[in-house]
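These are the residues of each chain, in order.
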Amino acid sequence: MTYLIRPIEERDNEQIATVIRSVLIDLGVPKVGTAYADKALDCMFETYAADRAGYFVVEEAGQIIGGAGVAQLDNYKGNVCELQKMYYLPMARGRGIGSEMISKCLEIAKEFGFEKCYLETMPYMEAAQKLYKRNGFDYIDGALGDTGHSACPVHMIKML
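Residues numbered from 1 in each chain as written. Predicted model: local features only at pLDDT ≥ 70, side-chain atom pairs only at ≥ 80, totals over all residues. Heavy atoms only, no water.

*Asks:* An account of the sheet that holds strand S6 (residues 138-140) is needed here, citing residue identities and associated values.
*Replies:* Strand order across the open sheet formed by seven strands is S1-S2-S3-S4-S5-S7-S6, with mixed pairing between neighbours. Each edge of the open sheet carries a strand with a single partner, namely strand S1 (3-7) and S6. The mean inter-strand angle of the sheet, taken between neighbouring strand axes irrespective of direction, is 25 degrees. Here strand S3 (residues 63-72) pairs with strand S4 (residues 80-88) via six bridges, running antiparallel. (Pairing = 2+ DSSP bridges. Helix = DSSP H or I, 4+ residues; strand = E, 2+ residues; numbered from the N terminus. Axes fitted to C-alpha atoms, helices over the stretch in contact; angles between N-to-C directions.)

*Asks:* How would you explain helix H4 (residues 126-134) if you had to name every residue and give the values?
*Replies:* Listed in full, the buried residues belonging to H4 are Gln 129, Leu 131 and Tyr 132. Mapping the buried residues of H4 onto a view down its axis gives an arc of 160 degrees, with all of them on the same face. Turned more than 90 degrees away from the buried face of H4 sit Glu 126, Ala 127, Lys 130 and Arg 134, all of them exposed. Those residues of H4 hidden inside the fold are in contact with S4, helix H3 (97-111), strand S5 (116-121), S6 and strand S7 (154-159). One or two residues past the end of H4 sits Gly 136, with phi positive at roughly 95 degrees. (Buried < 20%, exposed > 50% of the residue type's maximum accessible area, 1.4 Å probe, protein only. Arc of directions from axis to C-beta. Contact = heavy atoms within 4.5 Å.)

The following block contains the structure:
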C-alpha cells in the first residue's frame, strides 16, 4: 500500500492521540513520566501550530498509522529542538517510514534554524535506537532541558 506523509491537520487530533497511546501501551511504556501523560496528545494540531514547531502524520488508506514532530526543547535555553512523539503502528514498521520521517523532521528543524536535535527514549526500544543511530544520533550522558519524561533514561542528540 502507498502511504502519505503530510503535516498534521486539526481533524487528525483524535486519531493520532489514539495511535500514540496504543503504541505506548503495546510497548509497555509507563503511563507516568512518558509521552502517554502529555496534555499535548489530545491537541497535537494546536500544540505544533507554535513557532518553530512541526508535526507530520503518516496516512494510509485514510487512516493515521504514525507520526513524528519537532519543537523547541522544553526548559532549555540553547538552540536545540526535540524529536517528539515518533510512534508507529505495527503495520508501519519495517517499511522505511521511520527514516523518512526523521529526514522530514530534521529538514524542517534546519529550516527553523535549530543547531541540534535531541531525543529521549526507553532502554528496551532497541529498534528505535538503531534507527536513530543510523540517522546520525549519538548517545549522551543525561537529559537536556526538562521534558517531563522522567521515565525515559536514554538520551541522544544530533548536530544539524
